[in-house]
Amino acid sequence: AHAAPQRKKADAPVTVAHRGASGYAPENTLAAVEKADKLGFDWVENDVQRTKDGELVVMHDTTLARTTDVEKLYPDRSPWNVRDFTAKEIGRLDAGSWFSDDYKGERVPTLEKYLKSLTENHQRLLLELKSPELYPGIELQTLKELSEHGWLDSKHTKDKLVIQSFNAASVKTTHDLHPALKTGFLGNPKISELDSYAKFTDQINPTYTAATKDYVKAVHARKGARGEQMEVFTWTVNDGSTARTVDKAGVDGIISNYPDVVREATRG
Ligand code: G3P
Ligand code: CA
């Protein structure tokens, strides 16, 4: 693990492997975070949702259709929503073959399995609550599960875990439930709106087109919900030229399907 350790924040932005190193292995699988680890990236971004029987699983889309063989196994259950399948049913799906035959048999991980794998590799997690409006109570449930696996101790809340969402209310709920935990809002709020976001979040994580020098400066000028300078992690940066642009703009983190490409471009 950690063949090429992350540089310090002062040197360059942190690079985050998006959905794991999802340019090289099927997104949101253990193979994708292991690939990130092999490439030397400890920060990974992943998405969490909930099954019909209440299990937390790592999955991006709210349906299983794009990244698994669910249509083949369950042809009559369109539109194949994550929330309409049990954990056992989801556990049978092949989440690797759509990407390449090399990953045939890769599974949709439960959050529990996933956290264990990250812990073994000493990796850090930028966890997105995906469409939390579909899963009432997922904030508390996720925090409980993180806590059960040792992910809410001070070591983790200091610099190994961030929870983010496009849903501002969900970010606020997460912050209120556990104020020591770093949170992020995904989206591009206007500079005039930043003060209200700063009350419940610590990061503003915009698309790369919005991560301009002025914008980053405005975010950095504010203290977030934990009383520290707010940060900007931008997405999804998959080429060197864009990586250099956002690096120059001063972002703190760059989220990429090809983290090695970003590392090369921002080495300085
Ligand atoms: O972390 C940023 C990014 O994951 C947000 O978009 O659609 O890939 O979840 P998406
Ligand atoms: Ca995501």
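The rules behind these values
- Residues numbered from 1 in each chain as written.
- Chains lettered and ligands numbered in written order.
- Predicted model: local features only at pLDDT ≥ 70, side-chain atom pairs only at ≥ 80, totals over all residues.
- Helix = DSSP H or I, 4+ residues; strand = E, 2+ residues; numbered from the N terminus.
- Rg over C-alpha atoms; globule rule 2.2 N^0.38 Å.
- Buried ≥ 20, exposed ≤ 12 C-beta atoms within 10 Å, placed from the backbone.
- Near = placed C-beta within 6 Å.
- Nonpolar A, V, L, I, M, F, W, Y, C, P; charged D, E, K, R; others polar.
- Contact = placed C-beta atoms within 7 Å.
- Core = buried A, V, L, I, M, F, W, Y, C linked by C-beta atoms within 7 Å.
- Axes fitted to C-alpha atoms, helices over the stretch in contact; angles between N-to-C directions.
- Parallel < 35°, antiparallel > 145°, perpendicular 65-115°, else oblique.
- Left-handed = near helix turned anticlockwise from the far one by under 90°.
- Pairing = 2+ DSSP bridges.

As recorded by an unreviewed UniProt entry, the protein chain carries the name Glycerophosphodiester phosphodiesterase and is attributed to Streptomyces ovatisporus.

Brief notes about the overall build of the protein chain
Counting secondary structure elements, the protein chain contains 11 helices and nine strands. Relative to its length of 268 residues, the protein chain is compact, with a C-alpha radius of gyration of 18 Å against a globular reference of 18 Å. Projected onto its principal axes, the C-alpha positions of the protein chain cover 50 × 40 × 30 Å. Out of the 268 residues in the protein chain, the part that is buried amounts to 46%.

What about the site of ligand 1?
Near ligand 1 you find H18, E45, D47, H60, E128, L186, W235, T236 and I255, and these make up its full shell. Here the shell around ligand 1 is built from residues that sort into three nonpolar, three polar and three charged.

Topic: the environment of S97
Structurally, S97 is set in the loop between α3 (87-91) and α4 (111-120). The class for S97 is partly exposed, based on 18 C-beta atoms found within 10 Å. When the C-alpha positions of S97 and I254 are compared, they lie 28 Å apart, and in sequence the two are 157 residues distant. Not counting chain neighbours up to four residues away, the residues in contact with S97 comprise D69, Y103 and K104.

Side note on the environment of N188
On the secondary structure map, N188 appears in the loop between β6 (182-186) and α8 (194-197). For N188, a count of 15 C-beta atoms within 10 Å puts it in the partly exposed group. Along the backbone, N188 and T245 are 57 residues apart, and their C-alpha atoms lie at a distance of 17 Å.

Looking at the nonpolar core
Counting 66 residues, the largest nonpolar core has V16, V57, V237 and I254 as its most contacted members. It is helix α1 (residues 30-39) that provides the largest number of residues to this core, a total of five residues. With sequence-adjacent residues up to four places away left out, I254 is seen in contact with P13, T15, V16, T234, V237, A243, V246 and V262.

A closer look at the packing of helix α5 (residues 138-148) against helix α7 (residues 168-177)
At a closest axis distance of 9 Å, the pairing of α5 and α7 adopts a crossing angle of 45 degrees. Looking at the two axes, α5 sits oblique to α7. Judged by the sense of rotation from one axis to the other, the crossing of α5 with α7 is right-handed. Between α5 and α7, the contacting residues are E139, L140 and L143 on the first element and S170, T173, T174 and L177 on the second. Here the residues of the contact of α5 with α7 sort into three nonpolar, three polar and one charged.

A short note on unusual backbone geometry
A cis amide bond, omega 5 degrees, links S78 with the succeeding residue P79. Following the sequence through the fold, P79 ends up in the loop between α2 (70-73) and α3. Here W235 and T236 are connected by a cis peptide whose omega angle stands at -25 degrees. For T236, the location among the structural elements is in the loop between β8 (231-234) and α10 (240-249). The phi dihedral of N28 falls on the positive side, at around 55 degrees, and the residue is not glycine. In this structure, N28 sits in the loop between β1 (14-18) and α1. On the basis of neighbour counts, which here come to 30 C-beta atoms within 10 Å, the residue N28 falls in the buried class. Unlike most non-glycine residues, H122 shows phi in positive territory, near 55 degrees.

Section: the pairing of β1
Of all five residues in β1, five are buried, a share of seventy percent or more. Side chains V14, V16 and H18 project from β1 onto one buried face, and the interleaved T15 and A17 project onto a second face that is buried too. Of the strand pairs in this sheet, β1 and strand β9 (residues 253-256) are connected by four bridges, and their pairing is parallel. Within β9, the residue paired with A17 across the bridge is S256. With two bridges connecting them, β1 and strand β2 (residues 43-50) associate as parallel partners. Bridge pairing links H18 to E45 in β2.

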